[in-house]
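# Geometric and topological summary
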Amino acid sequence: MTATLGTLAWLFAVVAFGAIIPIVPTGAAVSGAAALAFHEQHPVLIVFVIAAGAAGAYVGDLVMYAMCRVGGEKLAKRLRWLRDEEHLVSVKEKLRQREIPVLLVSRLIPGGRVPVLLAAAFLGMPWRTFVVANAPACALWSVVYAGIGVAGGSIFPEPWEGVVAAVLLILIINQTVSWITKRREARAAAAAAAANTSNAGA
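All residue numbers refer to position in the chain's written sequence, counted from 1. Given that this is a predicted model, residues contribute local features only at a pLDDT of at least 70 and side-chain atom pairs are listed and counted only at 80 or more, while totals for whole chains, interfaces and linings are drawn from all residues. Hydrogens and waters are ignored; side-chain quantities use all the structure's heavy atoms.

## Structural notes on the packing of aromatic side chains
Selection criterion: The aromatic pairing rule takes the rings of Phe, Tyr and Trp, using the six-membered ring of Trp, and pairs them if the centres are within 6.5 Å, calling planes under 30 degrees apart stacked, those over 60 edge-to-face and the rest tilted. Going along the chain from the N terminus, every DSSP run of H or I of four or more residues is numbered as a helix, and every run of E of two or more is numbered as a strand. Burial here depends on accessible area, computed with a 1.4 Å probe over protein chains only, as a share of the maximum for the residue type. Under 20% is buried, over 50% is exposed, and the range in between is partly exposed.
As enumerated under the stated definition, the model contains three aromatic pairs in all. Between the aromatic rings of tyrosine 65 and tryptophan 127, the centroid separation amounts to 4.9 Å while the plane-to-plane angle is 90°, which identifies the pairing as edge-to-face. Of this pair, tyrosine 65 sits in helix α3 (residues 43-78) while tryptophan 127 sits in helix α7 (residues 127-155), and the two are 62 residues apart along the sequence. Looking at tryptophan 127, the relative accessible area reads 36%, which means it is partly exposed.

Given below as structure tokens:
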């Protein structure tokens, strides 16, 4: 029991840290823990993994949001959270139009969480709105990644194989979605440039 609590505490800490410093693969951590929990054959452990992952993500998001509200864009640039100001402008516009839906899906899109969180902070979204909307977003994110871990754990007989499979699957999904997103943004930018050129010529 002590070992289980220690593992959950580490998962919470890793996910919370990764939410603040976005270099830690937090989704992989949740998936790996879920794969191990599946092999323990105690379904309740998977629920605890989901809860620890969601709680870590939630706390990390709150800390990052508070830092952005206090420090603004200057702090975000210094900490290298803000790297693409043009993309941030479009995210702000989406957030103005649909606050809650954008917050809910931001964690499920690779690379989508940080821009949305920054946009919310810079737009001055009320704390109450962010606190309430971000809770189900973190819970949904944890459920999805734990599900990937359980799927990996169910396919392979050895726990370590399930963990490796879950991590690799997440990396492949993230890279694929990132590639598709970049392609769409490049096409949109090319179309906008062509339209501007056409208008200038007219």
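From this point, things continue past the structure.
## Re the nonpolar core
Across soluble globular proteins, nonpolar side chains show a tendency to be buried alongside one another. We apply this condition: What is meant by a nonpolar core is a set of buried Ala, Val, Leu, Ile, Met, Phe, Trp, Tyr and Cys residues, joined one to another through side-chain atoms within 4.5 Å. Only heavy atoms matter for contacts: two residues are in contact if any of them lie within 4.5 Å across the pair.
In this structure, Tyr65, Leu95, Leu103 and Met125 are the most contacted members of the largest nonpolar core, which totals 19 residues. Mapped onto this core, the elements with two or more residues apiece are α3, α4 (85-97), α5 (99-106), α6 (113-123) and α7. With eight residues, the single largest contributor to this core is α6. Setting aside chain neighbours within four positions, we find leucine 95 in contact with Val102, Leu103, Val116, Ala119, Ala120, Leu123 and Met125. With 18 residues, the next largest nonpolar core counts Leu11, Ile46, Ala57 and Ile148 among its residues.

## Some details on helix α2 (residues 26-39)
To keep it simple, the criterion reads: The length a helix should cover is 1.5 Å for every residue beyond the first.
Helix length check: α2, at 14 residues, gives a terminal C-alpha distance of 20 Å against a target of 20 Å (1.5 Å per residue), a fit within 8%. Most of α2 sits out of view: 10 of its 14 residues are buried. Inspection of α2 places Thr26, Gly27, Ala28, Val30, Ser31, Gly32, Ala33, Ala34, Ala35 and Ala37 among the buried residues, and these make up the whole buried set. Just downstream of α2 lies glutamine 41, where phi reads positive at about 60°.

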